[in-house]
Amino acid sequence: MNKDLIQELTKEPKIAYFSMEIGLRTDMPTYSGGLGVLAGDTIKSAADLRLPMVAVTVLCRKGYFHQVLDEKGRQTEAPEDWDPSQFMDLLPEKISVEIEGRDVYVQAWLYEVKSLTGGNIPVFFLDTDVAENGPDDRDITSSLYGGDKAYRLKQEIVLGIGGARMLHRLGFAIKKYHMNEGHASLLALELLKEYKRDIEEVWDERLVWDVDRVRDLCVFTTHTPVEAGHDKFSYDIVAKVLGEPIPLNVLKDLGGKDSLNMTLLALNLSEFVNGVAKKHGEVSKNMFPGYQIYAITNGVHSYTWTCESFKRLYDKYLPGWANEPELFVRVGRIPDEELWEVHMEAKRTLMDFIRSETGIEMSPDILTLGFARRATAYKRADLLFSDLERLRRIGGGKLQIVYAGKAHPRDDAGKQLIEKIFGIKEQLKDSIKIAYLMNYNMDLALKIVSGVDVWLNTPLRPLEASGTSGMKAAHNGVPNFSVLDGWWIEGHIECFTGWAIGPQPSENKVSDSNMDTRDAEDLYYKLENTIIPTFYGDRHTWIRIMQNAIGKNAYYFNSHRMMRRYVTEAYIR
Ligand SMILES: *Cc1c(COP(=O)(O)O)cnc(C)c1O
């Protein structure tokens, strides 16, 4: 059965999409957050649009982690064991990669993303848990972003080098390779080896490396707007783990003199490079002067990120919307009362869930803010609590807040943020109800983005490369109230699609130490003078803003539009 299937899948040349994490569904916990969910949405849209694509990732047999929070908000992490054979087929082919001088064997599981349009994208999950490998090597594809630097490099070898070899072995002809973030950069090294020129005598031995040919084949998307966020390995670790697949001087020319910088490596070996929002493209250009960096702003998969009640509504008034999100432009056809009713249905679903999970009784009639994302310092989950007395005065009896988010196991500041919110939840409980929901994942994300009234986002500029949860909210008629960073700079029209927090994007720097105070001031001011009065006093205007979130934000910030741009600007050029 597999043979025929693989024959069918390898018939036409493909775009190969490489990502360390891919989030396709909640019960396959092979993602940690935005990067993985974006990768999943990319593949789903590619399937809907019937693009010739194949995707490669690592298995993560123990998932990322399962978050448990005690009554004080202290996080503990448990493995999230799951059974790949429930979802995928194990292929008989095995390839090997060299790690620490040993041959490490890699097998692949095939998951098919099938669309109602007839599109079908094979996703290969690489797995080193095979009998030929020693116990440590069998563990390489166990936990996403677990372990030390050497462990991370081993995973990247499996993904980049192993992935390229597996596609080759299965018989795929690849016309473009798309590296989603620098984790996949070693793929380009493998291509360099594959296309090595066969010349006997050259005056400079570097000429045997056909960099231009590899560049023509590669597309690279960077997601990291801070220098410290880029994946780097000391050449000591590189020598020990990776060895010398190409001569060290050539590697240093491409990947950096002092350490192997995976972003730099990908930049030097890709003809097309992009950031994930217009602002992020510019920030990246400043970080890497001399490189041409374009911007393709992220989007989310409309069907995945629309809740049941809104799906029904769109099916009724905008049939065909799921594969043609441009139809959201006709949102004005939806009667106000029906839009409000389906929103209330989503809100009640969330409140029922909150009651059953936490015992907290929230009211569907109270203005509800949502904040759910990775718990890490720059996202400033506590900005809303800068002045508790003021918040109590503004929002007492008029506000409810829903939180969720995991902190990376080694991010102590992120863990403290969760504890802090738990503390404030107790302090405010008589005037403002706050719920912190455990184990943020894709299912929970959809419940929260669709079940609140306003989506709050308060990152420290310019650290949010794009952000995507706000786009999910917009798909469910939920307006954004956010700092002008990432996608929101492009999506925001004040009092029309939502509200901005703090200064214009041109005005600020991270180093501005007053930024927290300025942003908090604006947050409170607009909450008190615009958002709360409009919600309770001018339902007509409120529903107009909900409509605009759909007609202006969901209309544009979807992954169908994003993929059409990748095709015309990056894949075919
Ligand atoms: C969408 C999503 C994210 C990314 O949200 P951001 O706004 O980019 O932080 C993270 N985790 C999960 C589970 C998601 O569904």
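For the structure, see preceding data.
What comes next is a walk through the structure.

Cut-offs applied
- Residues numbered from 1 in each chain as written.
- Predicted model: local features only at pLDDT ≥ 70, side-chain atom pairs only at ≥ 80, totals over all residues.
- Heavy atoms only, no water.
- Helix = DSSP H or I, 4+ residues; strand = E, 2+ residues; numbered from the N terminus.
- Rg over C-alpha atoms; globule rule 2.2 N^0.38 Å.
- Buried < 20%, exposed > 50% of the residue type's maximum accessible area, 1.4 Å probe, protein only.
- Contact = heavy atoms within 4.5 Å.
- Polar contact = N/O pair within 3.5 Å; in protein donor to acceptor, adjacent residues only side chain to side chain.
- Pairing = 2+ DSSP bridges.
- Axes fitted to C-alpha atoms, helices over the stretch in contact; angles between N-to-C directions.
- Core = buried A, V, L, I, M, F, W, Y, C linked by side-chain atoms within 4.5 Å.
- Domains from an automatic or database assignment.
- 1 Å grid on protein atoms, 1.4 Å probe; cavity = no way out; pocket = protein on both sides within 12 Å on 5 of 7 lines; lining within 4 Å.
- Points joined across faces, edges and corners; volume = space filled by probe spheres on them.
- Nonpolar A, V, L, I, M, F, W, Y, C, P; charged D, E, K, R; others polar.
- Salt bridge = Lys/Arg side-chain N within 4 Å of Asp/Glu carboxyl O.
- Phe/Tyr/Trp six-rings, centres within 6.5 Å; stacked < 30°, edge-to-face > 60°.
- Near = heavy atom within 4 Å.

On to the overall build of the protein chain, then. Each helix and strand counted, the protein chain has 20 helices and 19 strands in total. What you see for the protein chain is a C-alpha radius of gyration of 24 Å, in line with the 25 Å of a compact globule of 573 residues. The principal-axis extents of the C-alpha atoms in the protein chain amount to approximately 80 × 50 × 45 Å. Per-residue burial over the protein chain gives 61% buried out of 573 residues. The contacts in the protein chain between residues at least 6 apart in sequence include a share of 71% that link residues at least 24 apart.

A word on the side chain of N274. Relative to the elements of secondary structure, N274 occurs in strand 12 (residues 272-275). By relative accessible area, N274 is classed as buried at 0%. In terms of polar contacts, N274 uses its side chain to reach the side chain of T221, at 2.8 Å. Setting aside residues up to four positions removed in sequence, N274 forms contacts with F220, T221, T222, I293, Y294, A295, I296 and Y566.

Now for the sheet that holds strand 2 (residues 53-58). Across the sheet, nine strands lie side by side as 5-6-7-2-1-8-9-12-13; this open sheet has mixed pairing. The sheet is open, and its two edges are formed by strand 5 (89-99) and strand 13 (294-295), each paired on a single side. Bridging between strand 1 (residues 14-19) and strand 8 (residues 174-180) involves six bridges; their strand directions are parallel. From the neighbouring strand, S19 faces strand 8, where its bridge partner is N180. Contacts between helix 1 (residues 2-9) and the sheet are confined to strand 1, strand 5, strand 6 (102-114) and strand 7 (120-127), with strand 5 contributing the most and set at about 70 degrees to the helix.

At the junction of R461 and P462, the peptide bond is cis and its omega measures out at -5 degrees in the coordinates. Here Y145, not a glycine, exhibits a phi torsion of approximately 55 degrees, which is positive. Take Y145: its relative accessible area is 10%, and that puts it in the buried class.

In this section: the nonpolar core. Grouped together as the largest cluster of nonpolar side chains are 89 residues, with contacts concentrated most on L384, F385, Y403 and I448. With eight residues, helix 12 (residues 336-358) is the single largest residue contributor to this core. No fewer than three residues from each of domain 1 (3-197 + 207-299 + 562-571) and domain 2 (342-555) sit in this core. Every residue in contact with I448, bar those within four places of it in the chain, is listed here: L350, A372, V402, A404, L437 and W455.

What follows covers empty space enclosed by the protein. Applying the stated criterion across every chain, the model contains two cavities of 30 Å³ or more. If you add up the space inside the largest cavity, you get close to 40 Å³. For the largest cavity, the full set of lining residues is F371, R373, R374, A375, T376, K379, A381, Y403, A404, I421 and Y436. Taken together, the residues of the lining of the largest cavity sort by class into seven nonpolar, one polar and three charged. The computed volume of the second largest cavity comes to approximately 40 Å³. Taken together, Y17, L38, T42, H178, N180, T221, M562 and Y566 make up the lining of the second largest cavity. Where the lining of the second largest cavity is concerned, the elements lending two or more residues are helix 2 (34-48), strand 8 and helix 20 (559-571). Grouping the amino acids of the lining of the second largest cavity by side-chain chemistry returns four nonpolar, four polar and no charged.

Right, let's talk about the pattern of salt bridges for a bit. Scanning the entire structure with this criterion turns up 42 salt bridges. The shortest N-O distance in the salt bridge between D336 and R544 comes to 3.4 Å. One end of the pair, D336, is in helix 12; the other, R544, is in helix 19 (residues 539-554), and 208 residues separate them in sequence. Taking the relative accessible area as the measure of exposure, D336 reaches 18% and is therefore buried. Since its relative accessible area comes to 30%, R544 is described here as partly exposed.

A word on the layout of surface pockets. Unoccupied space between atoms shows up once a probe the size of one water molecule is rolled over them. Counted as a void, the second largest pocket has a volume near 570 Å³. Taken together, 23 residues form the lining of the second largest pocket, with K44, H301, Y303, T304 and K311 sitting closest to its centre. Put simply, the parts of the chain that give the lining of the second largest pocket at least two residues each are helix 2, strand 6 and helix 15 (442-451). The leading source of residues in the lining of the second largest pocket is strand 6, at four residues. Classifying every residue of the lining of the second largest pocket gives ten nonpolar, six polar and seven charged. Counting the residues that make up the lining of the second largest pocket, at least three belong to each of domain 1 (3-197 + 207-299 + 562-571) and domain 2 (342-555).

Our focus in this paragraph is the sheet that holds strand 19 (residues 498-501). Read from one edge to the other, the open sheet built from six strands follows the order 16-15-14-17-18-19, with strand pairing classed as parallel. Where the open sheet ends on each side, the last strands, each with one partner, are strand 16 (433-437) and strand 19. Across the sheet, the axes of successive neighbouring strands diverge by a mean angle of 20 degrees, strand direction being ignored. Looking at chain direction, strand 14 (residues 367-372) and strand 17 (residues 454-457) are connected through two bridges and run parallel. Across the sheet, G370 pairs through a bridge with W455, a residue of strand 17. The strands touched by helix 15 are strand 14, strand 15 (399-404), strand 16 and strand 17; relative to strand 15, the strand with the most contacts, the crossing angle is about 165 degrees.

Here we take up the packing of aromatic side chains. Enumeration over the complete set of coordinates arrives at 23 aromatic pairs. When the ring of F371 is compared with that of Y403, the centres are 5.4 Å apart and the planes differ by 45 degrees; the resulting orientation is tilted. Of the two residues, F371 is situated in strand 14 and Y403 in strand 15; the sequence distance between them amounts to 32 residues. Overall, F371 belongs to the buried group, its relative accessible area being 3%.

So, on to the site of the ligand. Around the ligand, the structure places 14 residues, and the nearest of them are K379, G467, T468, S469 and K472. T468 is positioned such that a nitrogen or oxygen atom in its backbone is 3.0 Å from an oxygen atom of the ligand. Between the ligand and S469 there is a distance of 2.4 Å, counted from an oxygen atom to a side-chain nitrogen or oxygen. Those elements that provide at least two residues to the shell around the ligand are helix 2, helix 15 and helix 16 (469-475). Of the residues assigned to the shell around the ligand, the class counts are five nonpolar, six polar and three charged. Two domains each provide a minimum of three residues to the shell around the ligand, namely domain 1 (3-197 + 207-299 + 562-571) and domain 2 (342-555).

Shape is all these values report; function is a separate question.
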